[in-house]
Amino acid sequence: MSDENYYDVTVWNNSGAKDDIGSVINSIIADIKSRQTDKDIDQGGKPGAVIYIPPGDYHLKTQAIIDISYLKIMGSGHGFTSSSIRYNTPDADVQNWHEIWPGGSRVMVEIEDAAFYVSRDGDPRLSSIEFENFCIDGLEFSGEAGENSYLNGKTGIYIATGHDSFRINHMGMVYLEHGLVAYGSDALSVHDNFIAECGSCIELRNTSSQGQASKVTDNLLGAGYNGYSLYASNFWGLIVSTNNIFPRGGSSVHFVNVANSQISSNRLHAFYPGMVILEEQSQTDPNQLACENNLISANHFYRVNESWPPMQPYNNGLDDQFGIVSIQGSHNSILSNHFSVNPDTVVPADKNLVVIHITSGSDNLIATNHIATPLDVYSVMVDDGIEGNTVLDSGTSTQVSMDTTQNAFRPTPSIE
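Residues numbered from 1 in each chain as written. Predicted model: local features only at pLDDT ≥ 70, side-chain atom pairs only at ≥ 80, totals over all residues. Heavy atoms only, no water.

Caption draft 1: How the structure looks around the overall build of the protein chain. Looking only at helices and strands, the protein chain has three helices and 39 strands in total. Relative to its length of 416 residues, the protein chain is compact, with a C-alpha radius of gyration of 23 Å against a globular reference of 22 Å. Taken along its principal axes, the extent of the C-alpha atoms in the protein chain is 75 × 60 × 35 Å. Looking at the protein chain residue by residue over its 416 residues, the buried ones come to 53%. Taking contacts inside the protein chain between residues at least 6 apart in sequence as the whole, the part at least 24 apart equals 67%. (Helix = DSSP H or I, 4+ residues; strand = E, 2+ residues; numbered from the N terminus. Rg over C-alpha atoms; globule rule 2.2 N^0.38 Å. Buried < 20%, exposed > 50% of the residue type's maximum accessible area, 1.4 Å probe, protein only. Contact = heavy atoms within 4.5 Å.)

Here is the structure:
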């Protein structure tokens, strides 16, 4: 393919992309900006460009800074493979493997910073930037826990300013302290990625401005015990659907002051409590949302204990009274979810594990949830002093702990 707006990093300007792809991408973006100077469509406008990364290993020693719209950076293979298994396998055994490291179009991050930093001030905000089908590899972790620490100061993609219609599709991210961090998202699509063995996988962080109308769909996600598989704050209109979220994230989905959003049709597997958290922090900014009007429905929750010996010393620090699902906020619905609950141990041992725990708010509806477990559990717990919630067919009278004079309750019928 030959076009002035199509760049192959391996042939651009005899660039040495294998040695420092970040420097090469910055050079390409500078060329795009030098050529695409006309704002008027009659003069050609600013159509943007494609930067192509063929399969192979590319060291990143210089941060790639992206400050133009309509840019697509793409490879030919997300290249994900488990580095955690490799690091926890004796070297003598590893030498017999068919391959050892991640592959595909692989960017190897050698700086303790974001590999791709996306930012631009002024109007309009950046739009239509795409990352597709290549691997961002943080290479190794550090700290007291060594390769099991999930710490190295590295981020895959960091979007620092407001943006519209970004696409993160078919990517592989591994061994990064943070996979994707985005501020000010509008119409963001994070779809069909494999982001795992990262301290945190996806963080949609919004403070004074609100994120809106975005989706996280069809991803394979698994963070570290001290991080988030998916975190969103001050967001509305967020769809989290059909993801397979597996251990060992400190949480599977964590919403802070998120409204009018949904978590539906996901498969969630975790070793710790706090799989889904709706957290409502104090609203000190008029632009900050309440945690309300969210739907959690038709998800499969699988809660067991850590089974892999190298990771058994670690956890997220929560006990089983916290709840598999923890709710702060009002007007939320938790409907028709399946909970498969069978950890070997419960902490504290003298207390029943709590499945759904409401710690604040009113007018929350919990209905027709199925808890499949051999354990004595509280399927629903509503803390004392909380009023105006409704629990229907989500546990027998002995499985639900709540003040039924202040909240509505219909127990699941039991066979005597």
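The discussion continues.
Caption draft 2: Geometry of the pattern of salt bridges. For the structure on display, the rule yields 14 salt bridges. Of the charged contacts in the structure, one is a salt bridge between Glu132 and Lys72, with a shortest N-O distance of 3.4 Å. Of this pair, Glu132 sits in strand β9 (residues 130-132) while Lys72 sits in strand β5 (residues 71-75), and the two are 60 residues apart along the sequence. Note that Arg410 and Asp393 form a salt bridge whose closest N and O atoms lie 2.5 Å from each other. Here Arg410 is found in strand β39 (residues 408-410), whereas its partner Asp393 is found in the loop between β37 (390-392) and β38 (400-401), with 17 residues between them in sequence. (Salt bridge = Lys/Arg side-chain N within 4 Å of Asp/Glu carboxyl O.)

Caption draft 3: Broad picture of the environment of Asp192. Its place among the elements puts Asp192 in the loop between β17 (189-191) and β18 (194-198). For the pair Asp192 and Thr207, spaced 15 residues apart in sequence, the C-alpha to C-alpha distance is 27 Å. Not counting the four nearest positions on each side in its chain, Asp192 is found in contact with Asn169, His170, Met171, Thr217, Asp218 and Asn219. At a separation of 3.0 Å, a polar atom in the side chain of Asp192 contacts the side chain of His170. (Polar contact = N/O pair within 3.5 Å; in protein donor to acceptor, adjacent residues only side chain to side chain.)

Caption draft 4: Structural detail: unusual backbone geometry. A cis amide bond links Pro247 with the next residue in sequence, Arg248, at an omega value of 15 degrees. With respect to the helices and strands, the residue Arg248 is situated in the loop between β23 (244-245) and β24 (251-259). Between Val347 and the following residue, Pro348, the backbone shows a cis peptide bond with an omega angle of -5 degrees. Within the secondary structure, Pro348 sits in the loop between β32 (338-341) and β33 (353-358). You will see that Asn260, though not glycine, has its phi angle at about 50 degrees, which is positive. Secondary-structure assignment places Asn260 in the loop between β24 and β25 (262-264). Using a relative accessible area of 47% as the deciding quantity, one classes Asn260 as partly exposed. Phi is positive for Ser336, close to 55 degrees, though the residue is something other than glycine. Here Ser336 lies in the loop between β31 (333-335) and β32.

Caption draft 5: Geometry of the sheet that holds strand β10 (residues 135-137). Spatially, eleven strands are ordered β3-β6-β10-β14-β18-β21-β23-β26-β29-β32-β35 in an open sheet, and the strand pairing comes out parallel. The open sheet terminates on both sides in strands that have one partner only, identified here as β3 (56-60) and β35 (370-372). Two elements, β3 and strand β6 (residues 105-109), share five bridges in a ladder whose sense is parallel. Looking at the pairing, Asp57 lines up with Arg106 of β6. (Pairing = 2+ DSSP bridges.)

Caption draft 6: Region of interest: the side chain of Asn193. By the secondary structure assignment, Asn193 is in the loop between β17 and β18. Look past the residues within four positions of Asn193 in its chain and what remains in contact with it is Ile168, Asn169, His170, Met171, Asp218, Asn219 and Leu220.

Caption draft 7: Main features of the nonpolar core. With 86 residues, the main nonpolar core has Phe116, Phe131, Ile136 and Ile202 as its most contacted residues. No other element matches helix α1 (residues 21-35), which puts six residues into this core. With residues near it in sequence (within four places) discarded, Phe116 still touches Ile25, Ala64, Ile66, Ile73, Val107, Phe131, Phe134, Ile136, Gly156, Ile157 and Tyr158. Formed by twelve residues, the second largest nonpolar core is a distinct cluster that contains Cys135, Tyr150, Tyr272 and Met311. (Core = buried A, V, L, I, M, F, W, Y, C linked by side-chain atoms within 4.5 Å.)

Caption draft 8: Seen up close, the packing of aromatic side chains. For the structure on display, the rule yields 17 aromatic pairs. Between Phe116 and Phe131 the ring centres are 5.5 Å apart and the planes differ by 75 degrees, which places this aromatic pair in the edge-to-face class. In this pair, Phe116 is assigned in strand β7 (residues 114-118) and Phe131 in strand β9, connecting sequence segments 15 residues apart. Overall, the relative accessible area of 0% leaves Phe131 in the buried class. The interplanar angle of 40 degrees and the centroid separation of 6.0 Å between the aromatic rings of Tyr158 and Tyr183 together place this pair among those described as tilted. (Phe/Tyr/Trp six-rings, centres within 6.5 Å; stacked < 30°, edge-to-face > 60°.)

Caption draft 9: Structural view of the pairing of β6. The element β6 is extensively covered by neighbouring structure, given that five of its five residues are classed as buried. The alternating pattern of β6 places Ser105, Val107 and Val109 on one face and Arg106 and Met108 on the opposite face, and all of these are buried. Bridging between β6 and β10 involves three bridges; their strand directions are parallel. Looking at the pairing, Arg106 lines up with Cys135 of β10.

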